[in-house]
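Reading the structure
The lines below spell out each chain.
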Amino acid sequence: MGFSQALSGLNSAATNLDVVGNNIANSQTVGFKGSGAQFADVYAGAQVGQGVRVSTVLQDFSNGTLESTGRNLDLGINGSGFFRFTQGDQTVYSRNGQLTLTADGYLENAQGARLTGFPAGVGTGGQPETLQVPAGAMAATATDQVRASFNLDAEVDEIDRAATPFDAADGGTYSYANTGTAYDSLGVQHTMTTYFSKTGENQWEVRVALDGNADATNVGQLAFNGNGTLDEGASTFPDYAFTPGGGADPMSFGIDFDGTTQFGEDFALDSLTQNGYASGSLVGIAFDEVGNIVGNYSNEQSQVLGTIALANFRNPEGLQPEGDNAWTETGASGQPLLGLAGAGQFGSLEAGTVETSNVDLTSELVDLIVAQRNYQANTQTIKVQDEVLQSAVNLR
């Protein structure tokens, strides 16, 4: 009589206890995926089995719950996919998106692994590389487009331009003026003044000055229909050109007056926007749901600094756990499929959240009781076998 069946049962039950215990121990580990032991019976050409063995410890890659942290560098994946990190000379994959920004601009986890993706302006082609947030300032951009919408008072008197030449310093030579802002190529702010002069029925002259300098060539014409709406076909919209000085490049921009009206009401500015801005230093970063790293600057502008790459596998259960919330690819998992968050099979990213462990603690505690009973039952098998063998030895 052998003890192999009971010993195999003890070994398998002990492994099961280890698996359940590891799940319970990691029930609060961010991005952890629980595992379950699977068993197979053992036969060696006889009708009576030789016991049991652990055929595999299978990982459960179902999603955990996304939990809000309020920390903008925490990331959770809502759906399928893994973050891709470089750790030394190894590429690892993780569901743990607890990140920090290092002094040299790398996005790292607590183990020093660095997040990978696609640099800004490169696109998603090719192999991802380690992402680094640039510390440099955002360059200034000169104004080259202005959008403005006004109401021009239809009841004001006409100005005879032949008898009354335009003079920016004389309010009697124009009907209305409005002041805005424009930027040159160095990011220097300039005062942009727009002067409107009613020169005939439904006809207005438009002049633009920069810092009070109104070039005589910077003249446009606005024409209106009888119902007060802008007649764009009869209007002229020139590019207004300036030489700002101070080493800046010459400026030239058009003004889109779409939405401007001529009604019998007071002059009014409805909207005024321009696309120039001063230089700015980086004040913080944020993530959007498709994985773009967005830099926010002191000039109130923002720009994409890179895009996080996600990876997925045809058989995630074949990944090799390496500890520290990371896995590596194997032949069983297949090669990584790379992509962007929110596209195809990849889930979206949720900033300010982390994915909790997918371990169901209540279920694991029940499994722990079952595993304990199984272990105890196998010890009873050994005890009975020992008693029977002792009886055989004591035969006279």
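Before any of the text, the structure's been laid out above.
Quick summary incoming for the structure in this document. (Residues numbered from 1 in each chain as written. Predicted model: local features only at pLDDT ≥ 70, side-chain atom pairs only at ≥ 80, totals over all residues. Heavy atoms only, no water.)

For the rest of this paragraph, the subject is the overall build of the protein chain. A count of helices and strands for the protein chain gives 2 helices and 29 strands. Its C-alpha radius of gyration of 37 Å places the protein chain more than 25% over the 21 Å reference for a compact globule of 396 residues. Counting only C-alpha atoms, the protein chain reaches 145 × 45 × 35 Å along its principal axes. The buried share among the 396 residues of the protein chain stands at 39%. Counting only contacts in the protein chain whose residues sit at least 6 apart along the sequence, the fraction spanning at least 24 positions is 60%. Carbon and sulfur atoms make up 47% of the accessible area of the protein chain, which amounts to about 19,900 Å² in all. The positive charge centre, built from 14 side chains, and the negative charge centre, built from 45, are 19 Å apart in the protein chain. (Helix = DSSP H or I, 4+ residues; strand = E, 2+ residues; numbered from the N terminus. Rg over C-alpha atoms; globule rule 2.2 N^0.38 Å. Buried < 20%, exposed > 50% of the residue type's maximum accessible area, 1.4 Å probe, protein only. Contact = heavy atoms within 4.5 Å. Areas by Shrake-Rupley, 256 points an atom, 1.4 Å probe, with all protein chains shown as cover. Lys, Arg positive; Asp, Glu negative; His and termini not counted. Charge placed at Lys NZ, Arg CZ, Asp CG, Glu CD.)

With that settled, consider the nonpolar core. Most often, soluble globular proteins have nonpolar side chains that are buried together. Among the nonpolar cores identified, the biggest contains 25 residues, and Phe83, Leu115, Phe287, Ile293, Ile308, Leu310 and Leu349 are the most heavily contacted of them. Those elements that place two or more of their residues in this core are strand 4 (74-78), strand 5 (82-87), strand 21 (282-287), strand 22 (292-297) and strand 23 (302-308). Setting aside its immediate chain neighbours within four residues, Leu349 contacts Leu75, Gly76, Ile77, Phe83, Asp288, Glu289, Gly291, Ile308, Leu310 and Ala341. Val146, Tyr176, Tyr240 and Met251 belong to the second largest nonpolar core, which has 21 residues in total. (Core = buried A, V, L, I, M, F, W, Y, C linked by side-chain atoms within 4.5 Å.)

For the rest of this paragraph, the subject is the sheet that holds strand 15 (residues 203-210). Taken in spatial order, the 4 strands make up an open sheet running 13-14-15-16, and their pairing is antiparallel. The open sheet has two free edges, formed respectively by strand 13 (176-183) and strand 16 (219-223), since each of these has just one partner strand. Pairwise comparison of adjacent strand axes, ignoring direction, gives a mean angle of 30° for this sheet. Two strands pair when backbone bridges link them, and strand 13 and strand 14 (residues 189-200) are joined in this way by 8 bridges, in the antiparallel orientation. Note that in strand 14 the partner of Ala177 across the bridge is Tyr195. (Pairing = 2+ DSSP bridges. Axes fitted to C-alpha atoms, helices over the stretch in contact; angles between N-to-C directions.)

What follows is about the pattern of salt bridges. Applying the stated criterion to the full structure yields 7 salt bridges. Between Arg95 and Glu355 there is a salt bridge, with its nearest N and O atoms 2.8 Å apart. Here Arg95 is found in the loop between strand 6 (90-94) and strand 7 (97-98), whereas its partner Glu355 is found in strand 29 (residues 353-355), with 260 residues between them in sequence. For Arg95, a relative accessible area of 3% translates into the label buried. (Salt bridge = Lys/Arg side-chain N within 4 Å of Asp/Glu carboxyl O.)

Between its first and last C-alpha atoms helix 1 (residues 4-25) spans 31 Å; for 22 residues at 1.5 Å apiece the expected length is 32 Å, and the two agree. Taken as a whole, helix 1 has its buried residues at Ala6, Ser8, Gly9, Leu10, Ser12, Ala13, Asn16, Val19, Val20 and Asn23. (Expected span 1.5 Å × (residues − 1).)

Right, let's get into the side chain of Thr328. For Thr328, the location among the structural elements is in strand 26 (residues 326-328). One polar contact links Thr328 to Glu322, side chain to side chain, over a distance of 2.8 Å. (Polar contact = N/O pair within 3.5 Å; in protein donor to acceptor, adjacent residues only side chain to side chain.)

Attention shifts here to the sheet that holds strand 28 (residues 348-351). Read from one edge of the open sheet, 3 strands run 7-4-28, paired in antiparallel fashion. The open sheet has two edge strands with one neighbour each: strand 7 and strand 28.

So, about the packing of aromatic side chains. Here a ring pair, both rings aromatic, is described through the centre-centre distance and the interplanar angle of the planes. One pass over the full model with this rule turns up 18 aromatic pairs. With a centroid separation of 5.0 Å and 85° between ring planes, the pair formed by Tyr93 and Phe313 is classed as edge-to-face. Taken as a pair, Tyr93 in strand 6 and Phe313 in the loop between strand 24 (310-312) and strand 25 (320-323) lie far apart in primary sequence, 220 residues in all. Side by side, Tyr93 and Phe313 carry an identical accessibility label, which is buried. One aromatic cluster is present, formed by Phe150, Tyr176, Phe196, Trp204, Phe237, Phe257 and Phe267 through successive ring pairs. Between Arg114 and the ring centre of Tyr106, over which it is positioned, the NZ or CZ distance is 3.8 Å. (Phe/Tyr/Trp six-rings, centres within 6.5 Å; stacked < 30°, edge-to-face > 60°. Lys NZ or Arg CZ within 6 Å of the ring centre and 35° of its normal.)

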